[in-house]
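# Structural overview
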Amino acid sequence: MAEASDSVRCAGGRAPDVFSTEGWVPMNEYGEDEVDFVIVGTGAGGAPLAAKLAEAGFSVIAMDAGPFWRPLSDFASDEMHQSKLYWTDERIVDGENPIHMGANNSGRSVGGSTVHFAMVSLRFRPEHFKTRTKLGYGVDWPIDWQEMWDYYREVEQELHISGPVRYPWGPKRPRYPLRPHPLNAAAHHLVRGAEGLGIDWTETPLATLSAPVGKAHPCVYRGFCVTGCSTNAKQSALVTWIPRALKAGAEIRDLAMVGKIECNARGRASGVHYHRNGEWHFQKARNVVVAGYAVETPRLLLNSANGDHPEGLANSSGLLGKNLMVQLNQAAWGQAEEEIRSYKAPPSLAITEHWNYCDEGKDYFGGWTYMSQGPLPTKWATSLAGGRKLWGRPLLEEMERANHSVGLKMVGEVLPHEDNRVTLSDETDQHGLRIPRITFSLRDNEKAMIRHALDFMQSSLEASGARDIWKETDDTCHLGGTARMGDDPATSVVNADCRSWDIPNLWVCDGSVFPTVGGVNPSLTIQAIACRTADRIVEMGRKGEL
Amino acid sequence: MEHSNVTVASSRLMAAGAAILGTSVFADSGLEHYRGSFRNPGMVLPIATSAIAVPLNMRRSMGSAARPGLGRAVDLVASIVGMAGFGFHLRNIGREPGGFRLINLFYKAPLGAPGAMVLTGLLGRASRRLQLGRPSPFTAKAFGAITVAGLVGTVAEAGLLHFRGAFHNPAMWLPLAVPPLASLSFARDLALGQPTGATRMLLGATAGLGLVGSAFHAYGIARNMGGWRNWRQNILAGPPLPAPPSFTGLAIAALGVMLLLPKRRRHD
């Protein structure tokens, strides 16, 4: 059987059946006919949109630069092999704190980076949708938290999130569809630390099954979550929204790299140029949705510049590519007397959102959370070599006691700043497309947050009895913000419906629309926004406003 | 003569119930304590005790009254091991990070399970008592109360663990529907001192449900990664195969108590 990464699998009226080792499901094919929607990217933004728009009766083609995997037969228990899930094309990273691109901020698969995400499925704190008004920093979202609360619910139901029976923070939320997973030894350290420091903790809401659902098995606690789940317990877009989209009549084009969006004389988008099977094709569409995440989305829009839009599509505000945000991902690690084997089970089973909801005692803006950790061996060796600068015998000795290592890692809010941005480099990739230059620097606010978080996590580890504590000070995760949504065309790229201000049939639907990133992992919010966008499109279609 | 026949039949049903319950304890504690690697040597006790209690009660259910001294000792030991087990399970949960939070009630040592060992001893004792002659109405009611308490405890255990499984299969509601109705109906019969057909039917359904439950659990095991081909792992990871027949054992014992209740309506 051919590797999915080498050859197109979605063809001949069929697509891979992700619940089998080599089976197929029927798939609609539109050929070169004009379709209602071409969606570029099939991750947390594109996949829900494809499913819901197809179910509403629109003709939909969703393209992804990556392959269409069958997790049961394509995923190995091997960290190096599974790096095939990351987007590792050439990029230029600079700024004072160049972002390490790949594992925890981009994906190249049908299903996008949800195929290798850590499954942490959190809701924003309500005030984080209006940080400017409520908390005095950042910018407000054009969407109200109460509306988002309903869409969060929709996504939680679709992904069968397993979570605590009662969530300790924020307004009341409905019960998670499935119960929490048992805690591992690493999570126990977070629990003991939090109880020692007198703050709340809970079981992390996770997108991996604690009970069988359909053809998907419950989690077997294999621990390879962030390198691709080979049992389908993980509720990635690949095994949830994509099968739903196919069933509803959407076409998926795998290994299809979109290089340019074409605009017609009336200034509207008319389709996309994409590279597949070794040649360039053109797909006509009445609407184009860009869902490539916060680097590839602005890259495509910038690369699509034309005479009418010399600075890139949807860029009349000049904000396209600007306000790039990551999230802080610093960690504190220590050694436990007892065996931890933290790589067993999902990596982040216990969490505290205390510092997302508590505003006192901070000398900075923004919120953060921290979770228990479970790095796989290669990732751990990389942290020790890169983050702790160990090499040779000290590295070997530290690796020998890896089973006793235990740690806590933050996900922290980075504030939007126009100098943190994605632009185009003059270098080109294998398709002749200009590659992105990603410029990022941490500012004083982030540095203050990191100091506070590292000290606090260290205190927690001390309270839970860990020794030899050290701090990993240089890591980031997730992306957001390069095509922000807003109420004003002058200060945003898209409106609350993810529709670009400049070109009415051009939409952006992924993490790049985030005006602020909050202190939680973004995947649930991206999918909630996508569900809302789909509902809005259907409504606008009904009213003839498309 | 009729009375003593009824008493003998009641005794045999109580013993049969104890034997089924004991078998459930034997297999369930065997699997779960194996999964727990027998970390505490005491974890072999329920297996050893039920291994003796089951054949004893099987013989009683066939009418044997041999070696009453040994029988008394086994019944006593079963109850003590069960109560000690409850203590151990309580300690196991209490010293876990998070203590008595729901997560530990879900996944640590099940609080209700050792109760089945206690009940095996009590039902065995009741069966033995009935071998000696017809009990007073009060004693009969006390035996009934034991089975009701057992059913209530088993319902609570199934409820907690099926809640843990988020009732992902609607059939998971059945043990929360049928046995509680049977218990209520039986408790009413006990209070009024007269058996009803409805109770007999509901207890019969509860007994059947115990066996159906094992079939559902076998299906549940098949829904884990690798299904029955990977039985060595999935029998431990999936729903407990030997647990549901606890309902069968308790319902059969309750049917035995039913025989002791006077059949004719009293007009006084």
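These numbers were taken from a predicted model, which means no experiment stands behind them.

When its secondary structure is counted, chain A shows twelve helices and 20 strands. Computed over the C-alpha atoms, the radius of gyration of chain A is 22 Å, within 12% of the 24 Å expected from 2.2 N^0.38 for a compact globule of 546 residues. The principal-axis extent of the C-alpha atoms belonging to chain A is close to 65 × 55 × 45 Å. Per-residue burial over chain A gives 58% buried out of 546 residues. Residue pairs in contact within chain A that sit at least 24 positions apart in sequence constitute 73% of those at least 6 positions apart.

Residue and element names in this part refer to chain B. According to UniProt, the "transmembrane region" (unreviewed entry) feature falls on residues 70-90, 105-126, 138-160, 172-190, 202-222 and 242-261. Its end C-alpha atoms 30 Å apart, residues 70-90 is made of 100% helix and 0% strand. When the span residues 138-160 is considered, its composition is 100% helix and 0% strand, and the gap between its end C-alpha atoms is 33 Å.

Attention now moves to the interface of chain A and chain B. Taken together, the contact between chain A and chain B spans 18 residues of the former and 15 residues of the latter. With three residues, helix 5 (residues 185-197) of chain A is the single largest residue contributor to the side of chain A that touches chain B. The residue makeup of the side of chain A that touches chain B, split by class, is twelve nonpolar, three polar and three charged.

Each strand in a sheet pairs with its neighbour through backbone hydrogen bonds, running either in the same direction (parallel) or in the opposite one (antiparallel). All names here are of chain A. With respect to topology, three strands assemble into an open sheet ordered 5-17-16, the strand pairing being mixed. The outermost strands of the open sheet, each flanked by one partner alone, are strand 5 (92-94) and strand 16 (421-428). Strand-to-strand twist of the sheet, defined as the mean angle between neighbouring strand axes without regard to direction, takes the value 30°. With three bridges joining them, strand 5 and strand 17 (residues 434-439) adopt parallel strand pairing. Residue pairing across strands places Val93 opposite Ile438, the latter belonging to strand 17. Each of strand 16 and strand 17 is contacted by helix 7 (residues 293-303), which is oriented at about 60° to strand 16, the strand it contacts most.

As a further point, take the UniProt feature "domain: Glucose-methanol-choline oxidoreductase C-terminal" (unreviewed entry) in chain A. With numbering matched to this structure, UniProt assigns "domain: Glucose-methanol-choline oxidoreductase C-terminal" (unreviewed entry) to residues 416-530 of chain A. End C-alpha atoms of residues 416-530 of chain A are separated by 22 Å, and the span's content is 24% helix alongside 24% strand.

The subject of this paragraph is the nonpolar core. One broad trend across soluble globular proteins is that nonpolar side chains are buried collectively. Of all hydrophobic cores here, the largest spans 169 residues; its most connected members are Ala50 and Val60 of chain A. Looking at which element gives the most residues to this core, the answer is helix 12 (residues 523-542) of chain A, with eight residues. Not counting chain neighbours up to four residues away, the residues in contact with Ala50 of chain A comprise Ile39, Thr42, Val60, Ala62, Trp241, Ala245 and Ala250 of chain A. Counting 53 residues, the second largest nonpolar core, distinct from the first, contains Ala15, Leu123, Met258 and Leu261 of chain B.

Another point: the UniProt feature "domain: Glucose-methanol-choline oxidoreductase N-terminal" (unreviewed entry) in chain A. In this structure's numbering, the residues bearing the UniProt feature "domain: Glucose-methanol-choline oxidoreductase N-terminal" (unreviewed entry) are residues 106-327 of chain A. For the annotated span residues 106-327 of chain A, helix accounts for 23% and strand for 16% of the residues, and the straight-line distance between the end C-alpha atoms is 13 Å.

Turning our eyes to something else, we now look at the packing of helix 2 (residues 45-61) of chain B against helix 3 (residues 68-94) of chain B. Residue and element names in this part refer to chain B. The geometry of helix 2 relative to helix 3 is characterised by a closest axis approach of 10 Å and an angle of 145° between their N-to-C directions. Judged by the twist between their axes, the crossing of helix 2 over helix 3 is left-handed. Contacts from Leu45, Pro46, Thr49, Ile52, Ala53 and Leu56 of helix 2 reach helix 3 at Gly71, Val74, Val77, Ala78, Val81 and Gly85. For the contact of helix 2 with helix 3, the residue count by class is nine nonpolar, three polar and no charged.

This paragraph deals with the pairing of strand 19 (residues 476-480) of chain A. Residue and element names in this part refer to chain A. With five of five residues buried, strand 19 lies mostly within the body of the structure. The sheet contact formed by strand 11 (residues 325-328) and strand 19 spans four bridges and is antiparallel. Residue pairing in the sheet places Gln327 in a bridge with Cys477 of strand 19.

Take the packing of helix 6 (residues 137-164) of chain B against helix 7 (residues 174-192) of chain B next. Residues and elements named next belong to chain B. Where helix 6 meets helix 7, the closest approach of the two axes is 10 Å, and the angle between their N-to-C directions is 160°. Between helix 6 and helix 7, the interaxial angle falls into the category roughly antiparallel. Once helix 6 is placed against helix 7, the crossing between them reads as left-handed. Contact residues: helix 6 offers Lys141, Gly144, Val148, Leu151, Val152, Thr154, Val155, Ala158 and Gly159, while helix 7 offers Pro175, Leu176, Pro179, Pro180, Ala182, Ser183, Phe186, Ala187 and Leu190.

This brings us to helix 3 of chain B. All names here are of chain B. In this model, helix 3 (27 residues) spans 39 Å end to end at C-alpha, consistent with the 39 Å of a helix rising 1.5 Å per residue. Buried within helix 3 we find Gly71, Val74, Asp75, Ala78, Val81, Gly82 and Gly85. On its buried face, helix 3 sits against helix 2 and helix 5 (113-131).

Residue and element names in this part refer to chain A. Positionally, Gly519 belongs in the loop between strand 20 (506-508) and helix 12. Put simply, Gly519 and Gly486 are 33 residues apart on the chain and 20 Å apart in space, counted from C-alpha to C-alpha. Not counting residues within four places of it along the chain, the set of residues in contact with Gly519 comprises Asn356, Gly366, Gly367, Trp368, Thr369, Val411, Gly412 and Glu413.

For the rest of this paragraph, the subject is the environment of Lys108 of chain B. Residue and element names in this part refer to chain B. Following the sequence through the fold, Lys108 ends up in the loop between helix 4 (102-107) and helix 5. The exposure class of Lys108 is partly exposed, given the 19 C-beta atoms found within 10 Å. A C-alpha to C-alpha distance of 17 Å links Lys108 and Ala166, two positions 58 residues apart in sequence.

This brings us to unusual backbone geometry. Here the phi dihedral of Arg341 of chain A falls at roughly 45°; this positive angle occurs in a residue that is not glycine. Position of Arg341 of chain A among the secondary structure elements: in the loop between strand 12 (331-335) and strand 13 (350-352).

Moving on, we come to the confidence of the model for chain B. Should the pLDDT be low somewhere, the predicted coordinates at that spot are not to be read in detail. Residues and elements named next belong to chain B. The predicted model of chain B has a mean per-residue pLDDT of 95, with 97% of residues at 70 or higher. The weakest mean pLDDT in chain B belongs to helix 1 (residues 2-35) at 93; the strongest belongs to helix 8 (residues 197-222) at 98. Interface scoring of the predicted complex returns ipTM 0.93; its pTM is 0.95.

All names here are of chain B. Tracing the chain through its elements places Val77 in helix 3. Judged by local crowding, Val77 falls into the partly exposed class, with 17 C-beta atoms found within 10 Å. Expressed as a C-alpha distance, the spacing of Val77 and Gln194, which sit 117 residues apart in the sequence, is 33 Å.

Our focus in this paragraph is the pairing of strand 16 of chain A. Residues and elements named next belong to chain A. As defined by bridge partners, strand 16 adjoins strand 17 across five bridges and the pair is classed as antiparallel. By the bridge assignment, Thr428 is partnered in strand 17 with Arg434. The turn linking strand 16 back onto strand 17 is made up of five residues, and Gly432 within it adopts a positive phi angle of 80°.

Residues and elements named next belong to chain B. Here helix 7 contains 19 residues, and its C-alpha end-to-end distance of 27 Å stays within 8% of the 27 Å for a straight helix at 1.5 Å per residue. Within helix 7 the residues assigned to the buried category are Leu174, Pro175, Val178, Pro179, Ala182, Ser183, Phe186, Asp189 and Leu190. Viewed along the axis of helix 7, the buried residues span an arc of 130°, placing them on a single side of the element. Structural note: helix 7 exposes Ala177, Ala191 and Leu192 on the side pointing more than 90 degrees away from its buried face.

Rules used in this analysis
Sequence order as written defines the numbering, with residues in each chain counted from 1. To read the labels, note that chains go from A and ligands from 1, taken in the order they are written. Reporting of local features is limited, given that this is a predicted model, to residues whose pLDDT is at least 70; pairs of side-chain atoms are given and counted only at 80 or more, and all residues count toward the totals for whole chains, interfaces and linings. For the purposes of this entry, the term helix denotes a DSSP run of H or I that reaches at least four residues, the term strand denotes a run of E that reaches at least two, and both are numbered from the N terminus. Atoms counted for the radius of gyration: C-alpha only. Globule rule: 2.2 Å times residue count to the power 0.38. As a rule, residues whose C-beta atom has 12 or fewer other C-beta atoms within 10 Å are exposed, those with 20 or more are buried, and those in between are partly exposed; C-beta atoms are placed from the backbone. Note that contacts rest on C-beta atoms placed from the backbone: two residues are in contact if these are within 7 Å. UniProt positions are given in the numbering used here, feature names are shortened, and annotations may be inferred rather than shown by experiment. In this count, Pro and Cys sit with the nonpolar residues alongside Ala, Val, Leu, Ile, Met, Phe, Trp and Tyr, while Asp, Glu, Lys and Arg are called charged and the others, Gly among them, polar. Strand pairing is assigned whenever DSSP detects at least two bridges linking the two strands. Between N-to-C directions, angles cover 0 to 180 degrees, with each direction set by a line fitted to C-alpha atoms, over the stretch in contact for helices. Nonpolar cores are built from buried Ala, Val, Leu, Ile, Met, Phe, Trp, Tyr and Cys residues. These are joined into a set through C-beta atoms within 7 Å. The crossing is said to be left-handed when, going from far helix to near helix, the turn is anticlockwise and less than a right angle, and right-handed when the turn is clockwise. Comment on the angle field: the value is read as roughly parallel under 35 degrees, roughly antiparallel over 145, roughly perpendicular from 65 to 115, and oblique elsewhere. By this rule the span expected of a helix is its residue count minus one, scaled by 1.5 Å. pLDDT gives the predictor's per-residue confidence on a scale running from 0 to 100. Our arc is simply the arc of the directions from the helix axis toward the C-beta atoms.

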